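What the coordinates show
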Amino acid sequence: MAGPTGRGGSLGAALGDLLRSQVTSRHRLSSYNARHWHAQLSQLTGTHRGYQALEEAGLHVTTKTLVNWLSDPEYNIRRSYRDLIHTAYENTAIVPADPIPDHIKNGQFEISGTVRTGDDERERGNRRAAPLRIDGSRGYWDAIEELWLAGELTDDEFEDRFIDDVIVADIGEGTDGWDFPGSSYAVELR
């Protein structure tokens, strides 16, 4: 039975597609687009999560002060307060990524597409050659997960880290390293 599959124009894009199909990536809520401190404060005070973010950002004012600010968008507040409101707003707008689950870190990856090591370059995952099979449980996922959680795991970075930290950890360096020069890849997780 086939498992979840990611597809893309590079190995990194296919890996990213697979990962995003399994867990929530770090992203910004589309409803958080206010620019002015007053609009941000109004939106934050509309939810419990917003009040909590204001408190965590260090905004400690009386209820009376908060009501005064909310009743007048032209109210002149100190820059330090505007900065705290903005920080709370940004913290609320960003949804953190889910950690990479064990079923991915310990999964068996089947890579289809052009694979090159040294002078050996071939299309894997077709009738003539089986997919490149990689045991994820033998890999080192810490750097990949750190970038993923920070929202900084680009396709290129994912490909480089996956080669260095997962493929090499499982089957070694290859003749002259591993390269994935193709333009179409599928990565199936088993």
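Residues numbered from 1 in each chain as written. Predicted model: local features only at pLDDT ≥ 70, side-chain atom pairs only at ≥ 80, totals over all residues. Heavy atoms only, no water.

Observations regarding the pattern of salt bridges
As enumerated under the stated definition, the model contains 11 salt bridges in all. Across the pair E110 and R190 runs a salt bridge, and its minimum N-O distance is 3.3 Å. Here R190 lies in the segment after β7 (185-189) and E110 lies in strand β4 (residues 108-117), a separation of 80 residues in the sequence. The residue R190 makes a salt bridge to E188 at a minimum N-O spacing of 3.1 Å. Residue classification places E188 among the buried positions, given a relative accessible area of 14%. The structure contains a network of salt bridges with shared partners spanning E110, R133, E188 and R190. (Salt bridge = Lys/Arg side-chain N within 4 Å of Asp/Glu carboxyl O. Helix = DSSP H or I, 4+ residues; strand = E, 2+ residues; numbered from the N terminus. Buried < 20%, exposed > 50% of the residue type's maximum accessible area, 1.4 Å probe, protein only.)

Description of the packing of helix α7 (residues 142-150) against helix α8 (residues 155-171)
Axis angle and axis distance: for two packed helices, these are the angle between their axes and the distance between the axes, and together they describe the pair. Contact pair α7 / α8: the axes reach a minimum separation of 9 Å and the direction vectors enclose 160°. Considering their axes alone, α7 and α8 lie roughly antiparallel with respect to each other. Residues A143, I144 and L147 of α7 form the contact with α8, whose participating residues are E157, F158, R161, F162, D165 and V166. Looking at the contact of α7 with α8 residue by residue, the classes come out as 6 nonpolar, no polar and 3 charged. (Axes fitted to C-alpha atoms, helices over the stretch in contact; angles between N-to-C directions. Parallel < 35°, antiparallel > 145°, perpendicular 65-115°, else oblique. Contact = heavy atoms within 4.5 Å. Nonpolar A, V, L, I, M, F, W, Y, C, P; charged D, E, K, R; others polar.)

Considering the packing of aromatic side chains
By the definition in use, this model includes 8 aromatic pairs. With centroids separated by 6.4 Å and ring planes inclined at 80°, the aromatic side chains of W37 and W69 adopt a geometry described as edge-to-face. Separated by 32 residues along the polypeptide, W37 in helix α2 (residues 37-44) and W69 in helix α4 (residues 63-71) bring together distant segments of the chain. With relative accessibility at 3%, the residue W69 sits in the buried group. Where F158 meets F162, the ring centres are 6.5 Å apart and the plane angle is 85°; that geometry is what we call edge-to-face. Of this pair, F158 and F162 are both found in helix α8, 4 residues apart, which corresponds to roughly one turn of the helix. Here F158 and F162 have matching classes, each one buried. By way of ring pairs, the aromatic residues F109, W141, F158 and F162 are connected into one cluster. (Phe/Tyr/Trp six-rings, centres within 6.5 Å; stacked < 30°, edge-to-face > 60°.)

Some points on α8
Of all the bends in α8, the greatest, near 35°, is centred on I163. Among the residues of α8, those classed as buried are F158, E159, F162, I163, D165, V166, I167 and D170. Residues of α8 that are buried sit in contact with α1 (11-22), β4, β6 (132-135) and α7. (Bend = angle between axes of the 7 residues up to and from the residue.)

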